[in-house]
Amino acid sequence: MSTVKQDKAVQREKIARRAEREIESGFYVNLGIGMPTMVANYIQPGKEVVLQSENGLLGIGPSPYESEVDPDLINAGKETVTASVSGSYCSSAESFAMIRGEHLDLAILGGMEVAANGDLANWMIPGKVIKGMGGAMDIVHGAKKIVIIMDHVSKHGTPKILKECTLPLTGKGVVDRIITDRAVIDVTDAGLLLREVAEGFTVQEVIDSTEAPLEVSGSLKEAGY
Amino acid sequence: MKKIYTTFQEAVKEIRDHSTVMVGGFGLVGIPENLILGIVESGAKHLTVISNNCGVDDWGLGLLLENKQIDKMIGSYVGENKEFERQVLAGELEVELTPQGSLAEKIRAGGAGIPAFYTPAGVGTPIAEGKEIREFDGREYVLEEALTADVSLVRAARADRFGNLVYNKTARNFNPEIAAAGKVTIAEVEELVDPGELDGDHIHTPGIYVQGLIEGQQEKRIERLTVRQEA
């Protein structure tokens, strides 16, 4: 693996491990496709958590052993999975009734851009091929708490936490918390509140790499993760 | 009581040029593989297809794309298919992207006699453009209209000749809603059992929604095989 790729993997693990701390025992949680799915690998043994997959599985278990693979059993990322001991199946309409009806405690999703008012863009880039929003637009309005995990800046080094999103939105004013490789930021009625700074970064570095104004929390945690 | 077909081509005979067809499945899981092959053989063109995804390049609904049988696709995620991309860019294929939960509910509403409903999904996004927005308790919702189909194609694990269907695990997905939303619904089933063998307490789609049945053997292709190592 090249150093860049390795760094990327380390960074993703750091974000996923910090995001895991958002999950409390007893929670029903939907994890988005990609980096959010990785969060499941770091759930602490003491926590009893039910993971929901919007294709109709409440209670995702670990990946199957080769001998256990069932082609009829996948997660929303279309990966083969198992069901947990509490697992139950339902139709797509019922699955989204659970989501839309605010029965999930938490959703952890990926993001391309988040704005100071909690707007989220994570489904399309104009001019690029549009693949579709999948369940993201429903989920952002459903779970009681929406946490976005993403890199703090784009691969070109430009901020992804903006005054206003430039990309077409997934949802308006839907984000509660942003977790990046550099910081944990809450979306409040007064704007963005910097709660934690990651190891290896200073408050100033976080502020400089964030386009939207950041208020620094009185109880700011430095080297928080 | 229900029509039991013996060939897949005969089972899809109600699908003609310009038909609207709903197809169950999520990715390649729970798709009526052989009924789709039946449409390929039938050659019916200018179809409007309603399905969460559009197969992959060489399997599932991707075969209808390859054969240029689809004019319009309504779904939520179509990112697994290069031919899809090509046809959209060439202006050969119209796409209506719909949030997945709204798609499921539009189909459910269609089968349940509800013409439209309000949902928060899509408010403030390009999806809501041109649609009615209404506020309830200080929150905005968009009006989404129901979907129905000339023919619905679903896949079940087990069925009896009364059309009662039982699905397996996440192969259920959109199938129950799609079964109810078709004027004619044909179920491809892995196993047809004698009446009484299915437990009435565990039927997912009651037979009233199903008009025809056919038994078939599926390949059940896996899109993303993910396994853990034996300890």
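Residues numbered from 1 in each chain as written. Chains lettered and ligands numbered in written order. Predicted model: local features only at pLDDT ≥ 70, side-chain atom pairs only at ≥ 80, totals over all residues. Heavy atoms only, no water.

- If you check an unreviewed UniProt entry, chain B appears there as 3-oxoacid CoA-transferase subunit A from Salimicrobium album.

- In the nomenclature of an unreviewed UniProt entry, chain A is known as 3-oxoacid CoA-transferase subunit B of Salimicrobium album.
- According to the UniProt record, the Sequence similarities (unreviewed entry) comment for chain A is "Belongs to the 3-oxoacid CoA-transferase subunit B family." (UniProt positions renumbered as here; feature names shortened; annotations may be inferred.)

Describing the overall build of chain B
Next up, step 1: Summing up its helical and strand segments, chain B has six helices and 12 strands in all.
Next up, step 2: For chain B, the C-alpha radius of gyration of 18 Å lies close to 17 Å, the compact-globule estimate for 231 residues.
Next up, step 3: Structurally, chain B occupies a C-alpha span of about 55 × 55 × 40 Å along its principal axes.
Next up, step 4: A burial count over chain B gives 55% of its 231 residues as buried.
Next up, step 5: Looking at chain B alone, contacts between residues at least 24 apart form 71% of all its contacts between residues at least 6 apart.
Next up, step 6: For chain B, the exposed area adds up to about 9,800 Å²; of that, 46% sits on carbon and sulfur atoms. (Helix = DSSP H or I, 4+ residues; strand = E, 2+ residues; numbered from the N terminus. Rg over C-alpha atoms; globule rule 2.2 N^0.38 Å. Buried < 20%, exposed > 50% of the residue type's maximum accessible area, 1.4 Å probe, protein only. Contact = heavy atoms within 4.5 Å. Areas by Shrake-Rupley, 256 points an atom, 1.4 Å probe, with all protein chains shown as cover.)

As for the pattern of salt bridges
Next up, step 1: This model, assessed by the stated rule, comprises 31 salt bridges over all chains.
Next up, step 2: As a salt-bridge pair, Arg177(A) and Asp186(A) come within 2.6 Å of each other at their nearest N and O atoms. Residues Arg177(A) and Asp186(A) agree in their burial class; the two are buried.
Next up, step 3: A salt bridge links Arg86(B) to Glu83(B), with the nearest nitrogen and oxygen atoms 3.0 Å apart. Here Glu83(B) and Arg86(B) lie together in helix 4 (residues 82-89), a separation of three residues that amounts to about one turn.
Next up, step 4: According to the relative accessible area criterion, Arg86(B) is partly exposed, its value standing at 37%.
Next up, step 5: Owing to a relative accessible area of 18%, Glu83(B) belongs among the buried residues under this scheme. (Salt bridge = Lys/Arg side-chain N within 4 Å of Asp/Glu carboxyl O.)

A few points about the pairing of strand 2 (residues 20-23) of chain B
All names here are of chain B.
Next up, step 1: Alignment of strand 2 against strand 3 (residues 47-50), held across three bridges, turns out to be parallel. Looking at the pairing, Thr20 lines up with Thr48 of strand 3.
Next up, step 2: On the question of chirality, the crossover connecting strand 2 to the parallel strand 3 by way of helix 2 (residues 33-42) is right-handed.
Next up, step 3: Note: strand 2 against strand 9 (residues 149-160), three bridges, orientation parallel. Across the sheet, residue Val23 finds its bridge partner in strand 9, namely Leu153. (Pairing = 2+ DSSP bridges. Right-handed = clockwise from strand over helix to strand, strands pointing away.)

Re the packing of aromatic side chains
Next up, step 1: Taken as a whole, this structure holds two aromatic pairs over all chains when the rule is applied.
Next up, step 2: Between the aromatic rings of Tyr118(B) and Phe136(B), the centroid separation amounts to 5.2 Å while the plane-to-plane angle is 65 degrees, which identifies the pairing as edge-to-face. Residue Tyr118(B) is found in strand 6 (residues 116-119), and its partner Phe136(B) is found in strand 7 (residues 133-136); the two are separated by 18 residues along the sequence.
Next up, step 3: Residue class for Tyr118(B) comes out partly exposed when judged on its relative accessible area of 26%.
Next up, step 4: Both rings, one in Phe136(B) and one in Tyr141(B), keep their centres 5.6 Å apart while their planes meet at 75 degrees; by these two values the pair is edge-to-face.
Next up, step 5: Relative accessible area serves as the criterion here: at 17%, Tyr141(B) is assigned to the buried category.
Next up, step 6: Among the aromatic residues, those joined into a ring-pair cluster are Tyr118(B), Phe136(B) and Tyr141(B).
Next up, step 7: Positioned above the aromatic ring of Tyr225(A), the side-chain terminus of Arg18(A) is 5.9 Å from the ring centre.
Next up, step 8: Positioned above the aromatic ring of Tyr65(A), the side-chain terminus of Arg228(B) is 4.0 Å from the ring centre. (Phe/Tyr/Trp six-rings, centres within 6.5 Å; stacked < 30°, edge-to-face > 60°. Lys NZ or Arg CZ within 6 Å of the ring centre and 35° of its normal.)

Some points on the sheet that holds strand 6 of chain B
Residues and elements named next belong to chain B.
Next up, step 1: An order of 6-8-7 is seen for the three strands of this open sheet, with the pairing classed as antiparallel. The outermost strands of the open sheet, each flanked by one partner alone, are strand 6 and strand 7. The sheet shows a mean angle of 40 degrees between the axes of neighbouring strands, taken without regard to direction.
Next up, step 2: Examined bridge by bridge, strand 7 and strand 8 (residues 139-145) share four bridges and lie antiparallel to one another. Of the residues in strand 8, the one forming a bridge with Phe136 is Arg139.
Next up, step 3: Packed on one face of the sheet, helix 5 (residues 100-112) meets strand 6 and strand 8 and runs near 155 degrees to strand 6. (Axes fitted to C-alpha atoms, helices over the stretch in contact; angles between N-to-C directions.)

Details of unusual backbone geometry
Next up, step 1: A positive phi is found at Ala223(A), a non-glycine position, where the angle reads about 50 degrees.
Next up, step 2: Locating Ala223(A) in the fold gives a position in the segment after strand 13 (214-221).
Next up, step 3: At His18(B), a position not held by glycine, the phi torsion is positive, near 70 degrees.
Next up, step 4: Here His18(B) is to be found in the loop between helix 1 (8-11) and strand 2.

Here's the deal with the sheet that holds strand 10 (residues 177-179) of chain A
Residues and elements named next belong to chain A.
Next up, step 1: Judged by pairing direction, the sheet is mixed, and its 10 strands sit side by side in the order 4-3-2-1-5-8-10-11-12-13 without closing on themselves. Of all the strands in the sheet, just strand 4 (83-89) and strand 13 have a single pairing partner and so form its edges. Mean inter-strand twist for the sheet, computed between neighbouring axes without regard to direction, equals 25 degrees.
Next up, step 2: Against the sheet, helix 3 (residues 92-100) contacts strand 1 (28-31), strand 2 (50-53) and strand 3 (57-60), and its axis sits at roughly 125 degrees relative to strand 2.

A short note on the nonpolar core
Next up, step 1: Ranked by internal contacts, the top residues of the largest apolar core, which has 38 residues, are Ile15(B), Leu35(B), Leu47(B), Cys54(B) and Leu153(B).
Next up, step 2: Taken together, the elements giving at least two residues each to this core come down to helix 1, strand 2, helix 2, strand 3, helix 3 (62-66), strand 4 (70-75) and strand 9 of chain B. (Core = buried A, V, L, I, M, F, W, Y, C linked by side-chain atoms within 4.5 Å.)

Remarks on the interface of chain A and chain B
Next up, step 1: On the chain B side, the residues contacting the 48 residues of chain A number 53 residues.
Next up, step 2: Carbon and sulfur atoms make up 59% of the area that chain A and chain B hide from each other, which totals about 4,200 Å².
Next up, step 3: Per-residue buried area on chain A facing chain B is highest for Tyr65(A), Asp72(A) and Lys78(A); these three make up 19% of the total on that side.
Next up, step 4: Between the two partners, chain A and chain B, sit six salt bridges.
Next up, step 5: Of the charged contacts in the structure, one is a salt bridge between Glu80(B) and Lys78(A), with a shortest N-O distance of 3.2 Å.
Next up, step 6: Contributing elements (two or more residues each) for the side of chain A that touches chain B: helix 3 and helix 4 (136-139) of chain A.
Next up, step 7: With five residues, the single largest contributor to the side of chain A that touches chain B is helix 3 of chain A.
Next up, step 8: Within the side of chain A that touches chain B, the residues separate by chemical class into 20 nonpolar, 15 polar and 13 charged. (Buried area = accessible area lost by both parts, 1.4 Å probe. Nonpolar A, V, L, I, M, F, W, Y, C, P; charged D, E, K, R; others polar.)

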